[in-house]
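# Descriptive structure summary
Take a look at the letters that make up each chain.
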Amino acid sequence: MHASANRLQRVTNPGPAPAPEPKPCPSPGPNPGPATPRTHNTTFPAIFAFGDSILDTGNNDYILTLIKANFLPYGMNFPDKVPTGRFCNGKIPSDFIADYLGVKPVVPAYLRPGLTQEDLLTGVSFASGGSGYDPLTPIVVSAISMSKQLTYFQEYIEKVKGFVGKEKAEHIISKGLALVVAGSDDLANTYYGEHLEEFLYDIDTYTSFMASSAASFAMQLYESGARKIGFIGVSPIGCIPIQRTTRGGLTRKCADELNFAAQLFNSKLSTSLNEVAKTMKNTTLVYIDIYSSFNEMIQNPKKYGFDEIDRGCCGTGLVELGPLCNKFTSLLCKNVSSFMFWDSYHPTERAYKILSQKFVENDMGPFYDN
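Criteria and cut-off values
Residues numbered from 1 in each chain as written. Predicted model: local features only at pLDDT ≥ 70, side-chain atom pairs only at ≥ 80, totals over all residues. Heavy atoms only, no water. UniProt positions renumbered as here; feature names shortened; annotations may be inferred. Pairing = 2+ DSSP bridges. Helix = DSSP H or I, 4+ residues; strand = E, 2+ residues; numbered from the N terminus. Axes fitted to C-alpha atoms, helices over the stretch in contact; angles between N-to-C directions. Contact = heavy atoms within 4.5 Å. Phe/Tyr/Trp six-rings, centres within 6.5 Å; stacked < 30°, edge-to-face > 60°. Buried < 20%, exposed > 50% of the residue type's maximum accessible area, 1.4 Å probe, protein only. Lys NZ or Arg CZ within 6 Å of the ring centre and 35° of its normal. Disulfide = S-S within 2.5 Å.

In the nomenclature of an unreviewed UniProt entry, the protein chain is known as GDSL lipase/esterase of Arabidopsis suecica. Under the UniProt heading Sequence similarities (unreviewed entry), the entry covering the protein chain gives this text: "Belongs to the 'GDSL' lipolytic enzyme family."

Turning our attention to the sheet that holds strand S1 (residues 47-51). Strand order in the open sheet formed by four strands is S1-S2-S3-S4, with parallel pairing between adjacent strands. For this open sheet the edge positions go to S1 and strand S4 (284-288), each flanked by a neighbour on one side alone. Neighbouring strand axes in the sheet, compared pairwise and without regard to direction, differ in orientation by 15 degrees on average. For strand S3 (residues 228-232) and S4, the ladder comprises five bridges, and the chain directions are parallel. Residue pairing across strands places Ile232 opposite Ile288, the latter belonging to S4. Sitting on the sheet, helix H1 (residues 93-100) is in contact with S1 and strand S2 (177-181), with an inclination near 160 degrees to S1. The sheet strands contacting helix H4 (residues 146-164) are S1 and S2, and the helix crosses S1 at an angle near 160 degrees.

Our focus in this paragraph is the packing of aromatic side chains. This model, assessed by the stated rule, comprises 24 aromatic pairs. Ring centres 5.6 Å apart and planes at 90 degrees place the aromatic pair Phe71 and Tyr74 in the edge-to-face group. Here Tyr74 falls in the buried class, since its relative accessible area comes to 0%. With 5.9 Å between their ring centres and 40 degrees between their planes, Tyr133 and Phe265 make a pair best called tilted. Of this pair, Tyr133 sits in the loop between helix H2 (117-121) and helix H3 (136-141) while Phe265 sits in helix H9 (residues 256-277), and the two are 132 residues apart along the sequence. An identical accessibility class is assigned to Tyr133 and Phe265; each is buried. Three or more aromatic residues joined by ring pairs make a cluster, and in this case those are Phe48, Phe50, Tyr110, Phe126, Tyr152, Phe153, Tyr156, Phe217 and Phe231. Over the ring of Tyr152 we find Lys148, and its NZ or CZ is 4.8 Å from the ring centre. The cationic tip of Arg350 hangs over the ring face of Phe306; the distance from NZ or CZ to the ring centre is 4.4 Å.

What follows concerns the state of the cysteines. Counted according to the given criterion, the structure contains three disulfides. Note that Cys313 is cross-linked by a disulfide to Cys333, the S-S spacing being 2.0 Å. Taking the torsion about the sulfur-sulfur bond, which here is approximately -90 degrees, the covalent link between Cys313 and Cys333 counts as left-handed. Of this pair, Cys313 sits in the loop between strand S5 (308-312) and strand S6 (339-341) while Cys333 sits in the loop between S5 and S6, placing them 20 residues apart in sequence. The exposure class of Cys333 is buried, given its relative accessible area of 16%. Cys314 shares a disulfide with Cys325; S-S distance 2.1 Å. Measuring handedness by torsion sign, the sulfur bridge of Cys314 and Cys325 sits at about 110 degrees and is right-handed.

Written out as structure tokens, the structure reads:
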């Protein structure tokens, strides 16, 4: 099966039809320029992020877990060179997407102390590095589970109601963009890494379980008032540096087994969301294929200005991740912008920027109102 399953159509019962999808801008070259906020900012008063480290803007800083990134060299290219807990050298997709849509330049972590009313009203991230659709995944690494993220979201909604009243709060939640990214930790860590579920399920059964869990999460977002919901699939995780190192043999090729699992899950995720979307009124529920875009970058790195695609910038780039990527024991690559990966698991800011631009240009159409 392939991850490029058709994106879900907007649920049109009985809401208005979406505006035509924006024409794509020219494909970003080796060095995409600064983020340019769109003119659609009134469509999205806020952005809400759920899932794992791809969208975690620092929540893990405030919980007891080893999965942290609140130390240099993480954040070395973030504004003021501050390590914020983002698993990257700079900004991550939640930030770029919020910026491109004209919401705000960066999305704060919900658990960060001292958030202002404006911070909260324009959206936050509830995501947690190491989390996943399988409830066992966050338990193993003490991350914030998806169910706990929903609890925080409901707590957040009550705070917003306290600020602006019930009607305005419902408008912010229903018109805001809710993005969910998870699944890679379930497959790479829980299933194939720790083998915690591999003895209980074959990969077909396990990916069905993951997709069912994701569909349940979508329904719970809907029941909480979200009406613009996007689920981003899993990338070719067999090609991330640490998987090449541990599963790719002496030549460190991509681990086909993991890539197959990612595509299998993506296909089932698309199907599951399509089914649950039929029960939602006035709601846009979209599956977003990231596998194809990510794979295209890996297959054609020079097109995007990347010289290194099989190791991270931090340390040897083969295994460093989290605490192993630190300013005391890790040398850094000389030119981070030429690397697709920052550590052995996460893309660089520039790779994230390119992927985020592709998402906004190619996948946002269904979310725009008339």
